[in-house]
Number of protein chains: 2
Amino acid sequence: MNNNDENKISIKQIAKLSGVSPATVSRVINNNGRFSEKTRHHVMKVIKENNYGMNYIAKSLRMKKSFTIGVLVPDISNAFFSSIVLRMEKYLYSKGYSVIICNTDRDEQKELAYLRTLEGKMVDGLLVISGDQEFDPSVVQAQTLTVCIDRKPKNADNVVFISSDHYRGGLLATEVLIKKGCEKLGIIISHENLYSSRERLRGFKDALETYGLPYSVNKVIRVEDKETKPEAARLQILKSLRQGDLFDGVFAINDRLAFGAMKACREFGLKVPENVKIIGFDDDLLCTYSSPSLSSVKQDSDQLAKKACDLLLKLIHLEVLTSNERCQIIPINIVLRESV
Amino acid sequence: MNNNDENKISIKQIAKLSGVSPATVSRVINNNGRFSEKTRHHVMKVIKENNYGMNYIAKSLRMKKSFTIGVLVPDISNAFFSSIVLRMEKYLYSKGYSVIICNTDRDEQKELAYLRTLEGKMVDGLLVISGDQEFDPSVVQAQTLTVCIDRKPKNADNVVFISSDHYRGGLLATEVLIKKGCEKLGIIISHENLYSSRERLRGFKDALETYGLPYSVNKVIRVEDKETKPEAARLQILKSLRQGDLFDGVFAINDRLAFGAMKACREFGLKVPENVKIIGFDDDLLCTYSSPSLSSVKQDSDQLAKKACDLLLKLIHLEVLTSNERCQIIPINIVLRESV
DNA sequence: TTGAAAGCGCTAACAT
DNA sequence: ATGTTAGCGCTTTCAA
């Protein structure tokens, strides 16, 4: 199994060693027919013996296809994103594709620069996960196949869009709080220009309206965009509480914010869930292990990832997608725990 | 800014449009000298006007250099790994490299297959993060430059090794528990063939010895390798407790296990930290937000990532490394919180 | 069923 | 300072 050859061997050399032409070797490797069984056997033997490995760079140049997918993600260290990327990588690997990972940092310039690089590396497709602003397909070459996850494309025509039902998540989460008796609700939110954040907020507002609870701006607690950490949420909530802005229910736009909120309430002397009920979003693994355990809205990241990859592969194989396929909303689930 | 060209333009065409040769265009693009300022201006203008973008595949084939680094990681959805990968990607991007991410799933076959693919894609180097068994450099071509993080290379000669001081982490964590008065310690551990796990365990044992606490096998609570989730830890700890295996201090090999242990103790009626003190490893963001907050050993993932990349880049630039550089141990920190 | 040859877009040696 | 040319390793047309 030792592959310690200094110089990679090429198809040309395999051809010479096998006494056939490079074309035939290529046909054998790719199982393209037009060779005899006997030839196949012999060529394969030589390939094994010499530990030949395909040079995908040369293949890519010739075929204008890199067997590589670019994945744009704001920040891979985010638990939800990394779980999606994990799924994508596994699925795409099984289909013969590699994944180039691009942390955009929510920086438009970096995103743009990365797109240029990815084009230069001839990626066969783009998976765009979340990110500020709508994704503008005109910044990539028209032939660049793209699937957006949790991020609206500017021009839905050429780009596939797939998303969790964030609106419904916000709606149901808020409804849970209301049905548990909460009357003064707060929402804690960051990254408000994110499509998913806006949708969750919209769900929150609509729920309030449905149940006749007046929505007023002071119920929205905003956390600086660049501060997605629980600490920022903790401070903001504490500030609100100290200003006399009391609430008996909090919908946190994500679990990290929820953990920060829980801590703030505890520090302020409020008990969860007795005095204030809290629900988060993303169903982080640790929701079960906080005390009290945290209720949360769970996205089906497996399905999100798999569907996105499937659709991209269909595009790559030049299949025509129905308009239903080009825009899909994946249902969410509510997981109730002690915090409500 | 619209880049919606259907056909990418090549150096050859830029050359024709500029009235110079392809070689000159190449020189201008790569700033390789041997062209006049006037030519530069003109060529650059044509490049801008026609929205030329480098074809890195062709460049790679010619230069035998892909400006791409392969990153092998057991599971990117692990918080510690993803934070390292985030750092690596950012740093390498700033140096002009892209990152192909490979989840090995701790599966030797998948790892091997990926290595073949990466070689075929002519990656300029390999960053290997953790993983079972030692990394065997003989499974890759000799010229494949490799840096191992938290994973021992089988033959230290050709591969750079860089790791946190897991041994010291285990030692200090255990010491903290002992100094806080614990006398019956337990360690909860998974993935015991991981270099890092073994080192942490070794630190635990040595601390016990140093303080004259007899080490006996029943203090080691093992969690199935494939079950790294807190739930498995919770069940194992509960089982131990019910068997009458009481302890007043637990060192968990990672934070997830610690969270599970904390929950188990709570369920068994033990108070943390009054009855049992707990310390974890990795300093997950949520250590601060659990209740009680969790003490933990913090690895310097930023430095780990940066050093690993720096060393790899040095190898790529054919710099000779000193033996000190080829094997580095990064110090850890203990973060004490309520759980002790 | 097989082979010869062209060419993907780039760089680098060599020539001028 | 600039151009000519060969060739990286592969696939694919065309011819046999």
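For chain A, the name recorded in an unreviewed UniProt entry is LacI family DNA-binding transcriptional regulator, with Sporolactobacillus shoreicorticis as its organism.

Peer 1: Before we go on, may I ask you to explain the protein's contact with DNA strand C in this structure?
Peer 2: Not every one of the 26 residues close to DNA strand C is listed here, only the nearest: Arg27 and Ser36 of chain A together with Ile11, Tyr52 and Arg62 of chain B. Expressed as a percentage, the sugar and phosphate content of the atoms of DNA strand C within 4 Å of the protein is 64%. Ser36 of chain A places a main-chain nitrogen or oxygen 2.6 Å from a phosphate oxygen of DNA strand C. One of the side-chain nitrogen or oxygen atoms of Lys59 of chain B is found 3.1 Å away from a phosphate oxygen of DNA strand C. For the surface near DNA strand C, the elements supplying multiple residues, two or more each, are helix H2 (22–29) and helix H4 (56–63) of chain A together with helix H2 (22–30) and helix H4 (56–63) of chain B. Each residue belonging to the surface near DNA strand C can be placed in one class, and the counts come to ten nonpolar, nine polar and seven charged.

Peer 1: I'm lost on the sheet that holds strand S9 (residues 277–281) of chain B in this one. Help?
Peer 2: Residues and elements named next belong to chain B. One open sheet holds the six strands; their spatial order is S7-S6-S8-S9-S10-S12, and the pairing between them is mixed. Strands at the two margins of the open sheet, each flanked by one partner only, are strand S7 (220–222) and strand S12 (333–335). Within this sheet the neighbouring strands show an average axis-to-axis angle of 20 degrees, counted without direction. Against the sheet, helix H7 (residues 166–179) engages strand S6 (185–189), strand S8 (249–252), S9, strand S10 (295–298) and S12, with an angle of about 165 degrees to S9. Against the sheet, helix H9 (residues 230–242) makes contact with S6 and S7, and its axis sits at roughly 135 degrees relative to S7, the strand it touches most.

Peer 1: It is not clear to me how the confidence of the model for chain A should be interpreted in this structure. Could you clarify?
Peer 2: Low pLDDT means the predicted coordinates in that region are not meant to be read closely. Averaged over every residue, the pLDDT of chain A is 93; the share at 70 or more is 96%. Within the model, pLDDT remains below 50 along residues 1–5 of chain A, and this stretch shows 17 contacts once partners closer than five positions in the same chain are excluded.

Peer 1: Looking at this structure, I do not really get the side chain of Asp248 of chain B. What am I missing?
Peer 2: Residue and element names in this part refer to chain B. Counting through the fold element by element, Asp248 comes out in the loop between H9 and S8. The side chain of Asp248 is buried and forms no salt bridge, while Lys184, the nearest opposite charge, is found at 7.1 Å. Only 3.0 Å separates the side chain of Asp248 from the backbone nitrogen of Glu183, close enough to count as a polar contact. Apart from the residues within four sequence positions on either side, Asp248 is in contact with Gly181, Cys182, Glu183, Lys184, Leu185, Asn275, Val276 and Lys277.

Peer 1: I keep staring at the packing of aromatic side chains and nothing clicks. Help me out?
Peer 2: What characterises a pair of aromatic rings is the spacing of the ring centres plus the angle enclosed by the ring planes. On inspection of all chains with the given rule, the structure shows 14 aromatic pairs over all chains. Taken together, a centroid distance of 6.3 Å and an interplanar angle of 65 degrees make the contact between Tyr56 of chain A and Phe67 of chain A edge-to-face. Here the residue Tyr56 of chain A occupies a position in helix H4, and Phe67 of chain A occupies one in the loop between H4 and strand S1 (68–73), the gap between them amounting to eleven residues. Given the relative accessible area of 25%, Tyr56 of chain A is considered partly exposed. Accessibility expressed as a relative area gives 15% for Phe67 of chain A, which makes it buried. Chaining the aromatic ring pairs together yields one cluster made of Tyr56, Phe67 and Tyr97 of chain A. Positioned over the ring face of Tyr167 of chain B is Arg202 of chain B, at 4.1 Å from the centre of the ring.

Peer 1: Explain the nonpolar core to me, please; I cannot follow it from the model alone.
Peer 2: One broad rule of soluble globular proteins: the nonpolar side chains tend to lie buried together. Grouped together as the largest cluster of nonpolar side chains are 94 residues, with contacts concentrated most on Ile188 and Ile278 of chain A together with Ile188 and Ile278 of chain B. If you look at the next biggest cluster of nonpolar residues, it comprises 66 residues, including Ile84 of chain A together with Tyr97, Ile101 and Ile162 of chain B.

Peer 1: Would you mind showing me how to read the pairing of strand S9 (residues 277–281) of chain A here?
Peer 2: Within a regular strand, the side chains alternate between the two sheet faces. Residues and elements named next belong to chain A. Most of S9 sits inside the fold, with five of its five residues counted as buried. A two-sided burial pattern is seen for S9, the buried positions comprising Lys277, Ile279 and Phe281 on one face and Ile278 and Gly280 on the other. Summarising the sheet, strand S8 (residues 249–252) and S9 pair through three bridges and their orientation is parallel. Bridged to Val250 within S9 is Ile278. For the segment spanning S8, helix H10 (residues 255–267) and S9, crossover handedness is right-handed.

Cut-offs used in this document
Residues numbered from 1 in each chain as written. Chains lettered and ligands numbered in written order. Predicted model: local features only at pLDDT ≥ 70, side-chain atom pairs only at ≥ 80, totals over all residues. Heavy atoms only, no water. Near = heavy atom within 4 Å. Polar contact = N/O pair within 3.5 Å; in protein donor to acceptor, adjacent residues only side chain to side chain. Helix = DSSP H or I, 4+ residues; strand = E, 2+ residues; numbered from the N terminus. Nonpolar A, V, L, I, M, F, W, Y, C, P; charged D, E, K, R; others polar. Pairing = 2+ DSSP bridges. Axes fitted to C-alpha atoms, helices over the stretch in contact; angles between N-to-C directions. Contact = heavy atoms within 4.5 Å. pLDDT = per-residue confidence, 0-100. Buried < 20%, exposed > 50% of the residue type's maximum accessible area, 1.4 Å probe, protein only. Lys, Arg positive; Asp, Glu negative; His and termini not counted. Salt bridge = Lys/Arg side-chain N within 4 Å of Asp/Glu carboxyl O. Phe/Tyr/Trp six-rings, centres within 6.5 Å; stacked < 30°, edge-to-face > 60°. Lys NZ or Arg CZ within 6 Å of the ring centre and 35° of its normal. Core = buried A, V, L, I, M, F, W, Y, C linked by side-chain atoms within 4.5 Å. Right-handed = clockwise from strand over helix to strand, strands pointing away.

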